[in-house]
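Here is how the chains run, residue by residue.
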Amino acid sequence: MRILVIGGGGREHALAWKLSQDATVFCSPGNAGIAEDVACVGTMSVEETVQFVQENEIDLVVFGPEDPLVLGRGNELRSHGIRVFGPDQAAAQLEGSKAFSKEIMEAAGVPTAKSFTESDSERAKDACRTMFAEGRQVAVKASGNALGKGVVVCSTLEEALSAVDALKALGSAGDTLVIEERLFGYEFSLLTLVSEGDIFSLPVAQDYKRVGTGNEGPNTGGMGTYSPVSLVTAEVVKAVEESVVRPAIAELTQRGIGYRGVLFSGIMMTDEGPKCLEYNVRFGDPETQTVMRRLGSGLAEALMCVACGEPIRPVEVLDNAVTTVVLASGGYPGEYAKGKRITIGDIGKTGSGENVKVFHAGTVLKDGQLVTNGGRVLGVSAVGATVKESTQLAYDAIDSISFEGMHFRTDIGA
Ligand code: AMP
Ligand code: GLY
């Protein structure tokens, strides 16, 4: 099989690396690390992608990020008869619009936080006042894509009122706001392959969203992940599939919208059971860097089944543990510099060589030298028999990596 992966971050590195065990893989645009594992082909327009697929006899295109899906790139490729892993534009609105996503959850009876959708600031503020008067706290959310800055979790009414103003100031992403009851509990992400009516959930990974050790500081795209998550038993996964995944897909189907891709359910485990915080229409980053290393053979075939809308051939799941620690640029998630020289020592020297894989997120080669090119730079992943062991191996490997300003959490997997 010949596969083209679209994207160039840590998630795409993990996908391309894993798929290359079963298939010949190309990546567009890729990055310096991805280029060590598969052929990278630069950024391509839709027309160039179609031409590339035809000339290189590509069997399957796999989308990494959500943006092209939300913009309908999946539909465009499908209209040329290309097999695509990733939902059409209509289904991708589950991630592109939080207002749509809440509408689907409510119509489908998915357990989720109480919410109001408002486009007027004053009405949004009234919704916050109502929530606090009922003894609830709130999460104020921009409905559109605000690049990770669109959610403010507020414990006081004053914070909520200023969050409304701040999100309104974002521009189009904040045209519509969702004022949501704040939920309490622990979070996890469930990644489920969805081929129309058939589903297959991948191993659960837990993400650390705050930038600092001990959950201090602002939210990020994710600073590390580990799997398995002992609290999330097979029964919990089953319950989430039945209450969160299947009803949403059924609701879309009823509206004439199919789904062929991965559905990422962001779950908060509350005292009342699992509740859905959000859907994403792509693999998680850095969840994927961990999840791919828990899989044996069969991923390429499974993604192909999904692209064809056929029953999914199960992927082998390994009885191992994985930890991925993200190494970020100084200043991330705020402003950060690029172009810092990266040294990755002989990780084998730390005694953990074959268990360790360094996934590149924001790197580029400049005059033959590896330098930083993003906020999240590398994801150091390690496999062990237990999470304790994989975590130790990942941190041992980090000892041999450095760049100016590098920072990371020291409590991933702890
Ligand atoms: P979202 O993009 O909707 O997943 O929000 C990003 C993060 O904000 C989530 O991972 C949670 O940590 C937090 N969050 C979102 N909604 C809520 C909520 N209703 N209650 C508590 N925390 C939330
Ligand atoms: N790590 C969270 C996400 O991919 O949205």
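The rules behind these values
Residues numbered from 1 in each chain as written. Chains lettered and ligands numbered in written order. Predicted model: local features only at pLDDT ≥ 70, side-chain atom pairs only at ≥ 80, totals over all residues. Heavy atoms only, no water. Phe/Tyr/Trp six-rings, centres within 6.5 Å; stacked < 30°, edge-to-face > 60°. Lys NZ or Arg CZ within 6 Å of the ring centre and 35° of its normal. Salt bridge = Lys/Arg side-chain N within 4 Å of Asp/Glu carboxyl O. Helix = DSSP H or I, 4+ residues; strand = E, 2+ residues; numbered from the N terminus. Buried < 20%, exposed > 50% of the residue type's maximum accessible area, 1.4 Å probe, protein only. Near = heavy atom within 4 Å. Polar contact = N/O pair within 3.5 Å; in protein donor to acceptor, adjacent residues only side chain to side chain. Areas by Shrake-Rupley, 256 points an atom, 1.4 Å probe, with all protein chains shown as cover. Nonpolar A, V, L, I, M, F, W, Y, C, P; charged D, E, K, R; others polar. Pairing = 2+ DSSP bridges. Contact = heavy atoms within 4.5 Å. Core = buried A, V, L, I, M, F, W, Y, C linked by side-chain atoms within 4.5 Å. Axes fitted to C-alpha atoms, helices over the stretch in contact; angles between N-to-C directions. Parallel < 35°, antiparallel > 145°, perpendicular 65-115°, else oblique.

**Q** So what exactly am I meant to see when it comes to the packing of aromatic side chains here?
**A** By convention here, two paired aromatic rings are described through the distance between centres and the angle between planes. This structure, assessed with the given rule, holds seven aromatic pairs. Sitting over the face of the ring of F264, R282 holds its NZ or CZ atom 5.5 Å from the ring centroid.

**Q** How do you make sense of the pattern of salt bridges when you look at a structure like this?
**A** Once their charged atoms are close, side chains differing in charge can pair, the charge on each being opposite to the other. If you walk through the whole model with that rule in mind, you get 25 salt bridges. Linking K102 and E180 is a salt bridge whose minimum nitrogen-to-oxygen distance equals 2.9 Å. Here E180 lies in strand 9 (residues 177-181) and K102 lies in helix 7 (residues 98-108), a separation of 78 residues in the sequence. Using a relative accessible area of 3% as the deciding quantity, one classes K102 as buried. A salt bridge links K141 to E180; the shortest N-O distance between them is 3.0 Å. Here K141 is found in strand 7 (residues 138-142), whereas its partner E180 is found in strand 9, with 39 residues between them in sequence. Just as K141 is buried, E180 falls in that class too. Linked through salt bridges whose partners overlap, the residues forming this network are K114, E134, R136 and E181.

**Q** Teacher, can you tell me more about the site of ligand 2 here?
**A** Around ligand 2 lies a shell formed by D207, G221, F264, N280, R282, G284, D285, P286 and E287. At a separation of 2.8 Å, a nitrogen atom of ligand 2 approaches a polar side-chain atom of D207. If ligand 2 stood free it would expose 200 Å²; the protein chains cover 89% of that surface. Partitioning the shell around ligand 2 into residue classes produces two nonpolar, three polar and four charged.

**Q** Would you explain the pairing of strand 14 (residues 216-219) in this entry?
**A** Residues in a regular strand point their side chains to alternate faces of the sheet. Two elements, strand 13 (residues 210-212) and strand 14, share two bridges in a ladder whose sense is antiparallel. Of the residues in strand 14, the one forming a bridge with R210 is N219. Counting the residues that bridge the hairpin from strand 13 to strand 14 gives three residues, and of these G214 lies at a positive phi of roughly 80°.

**Q** What should I look at first to understand the environment of T112 in this one?
**A** Turning to its location among the elements, T112 is positioned in the loop between helix 7 and strand 6 (115-118). Discounting chain neighbours no more than four positions away, the residues touching T112 are K102, M105, K275 and C276. A distance of 2.9 Å separates a polar atom in the side chain of T112 from a polar atom in the side chain of K102.

**Q** Explain the nonpolar core here, please?
**A** A general tendency of soluble globular proteins is for nonpolar side chains to be buried together. Counting residues in hydrophobic clusters, the biggest one holds 69 residues, and the most contacted among them are L4, V61, L94, Y259 and Y279. With eight residues, helix 10 (residues 234-254) is the largest single contributor of residues to this core. Filtering out sequence-adjacent residues up to four positions away, Y259 remains in contact with P87, A91, L94, V194, S195, E196, I249, L252, N280 and V281.

**Q** It is not clear to me how the packing of helix 7 against helix 10 should be interpreted in this structure. Could you clarify?
**A** Packed helices, taken two at a time, are described by the angle between their axes plus the distance between the axes. Following both chains from N to C, one finds helix 7 and helix 10 inclined at 100°, their axes separated by 9 Å at the closest point. Classified by the angle their axes make, helix 7 and helix 10 are roughly perpendicular. In this structure, helix 7 contributes F100, I104, A107 and A108 to the contact, and helix 10 contributes P247, A248, E251 and L252. Looking at the contact of helix 7 with helix 10 residue by residue, the class counts come to seven nonpolar, no polar and one charged.

**Q** Is there a simple way to think about the sheet that holds strand 18 (residues 321-328) in this case?
**A** The strands making up a sheet associate through hydrogen bonds between their backbones, and the pairing can be parallel or antiparallel. Read from one edge to the other, the open sheet built from five strands follows the order 12-15-18-23-20, with strand pairing classed as antiparallel. Sheet topology places strand 12 (206-207) and strand 20 (356-360) at the edges, where each strand pairs with a single neighbour. Two strands pair when backbone bridges link them, and strand 12 and strand 15 (residues 224-227) are joined in this way by two bridges, in the antiparallel orientation. Within strand 15, the position partnered with Q206 by the bridge is Y226.

**Q** I'm lost on unusual backbone geometry in this one. Help?
**A** Trans is the prevailing form of peptide bonds, just as negative phi is the prevailing case for residues other than glycine. Cis geometry marks the peptide bond from S28 to P29; its omega dihedral reads 0°. Positionally, P29 belongs in strand 2 (residues 24-29). A cis amide bond links Y332 with the next residue in sequence, P333, at an omega value of 10°. Relative to the helices and strands, P333 resides in the loop between strand 18 and strand 19 (343-344). Even without a glycine there, the phi angle at E196 is positive, about 50°. Within the element layout of this structure, E196 appears in the loop between strand 10 (186-195) and strand 11 (198-201).

**Q** Help me understand the sheet that holds strand 6 in this model?
**A** Taken in spatial order, the four strands line up as 6-9-7-8 in an open sheet, and their pairing is antiparallel. In the strand order of this sheet, the two ends are held by strand 6 and strand 8 (151-154), each with one partner. Here the strands of the sheet are splayed against their neighbours by 15° on average, with no regard to which way each runs. Looking at chain direction, strand 7 and strand 9 are connected through five bridges and run antiparallel. Bridge pairing in strand 9 places V140 opposite I179. Along the sheet, helix 8 (residues 121-133) makes contact with strand 6, strand 7, strand 8 and strand 9, crossing strand 9 at roughly 0°.

**Q** Is there a simple way to think about the pairing of strand 22 (residues 369-372) in this case?
**A** Neither face of strand 22 is open: one carries Q369 and V371, the other L370 and T372, and all of them are buried. Across four bridges, strand 21 (residues 363-366) lies against strand 22 in antiparallel orientation. Directly across from L365, in strand 22, lies its bridge partner L370.

Everything listed is a geometric property; what it means functionally is a separate question.
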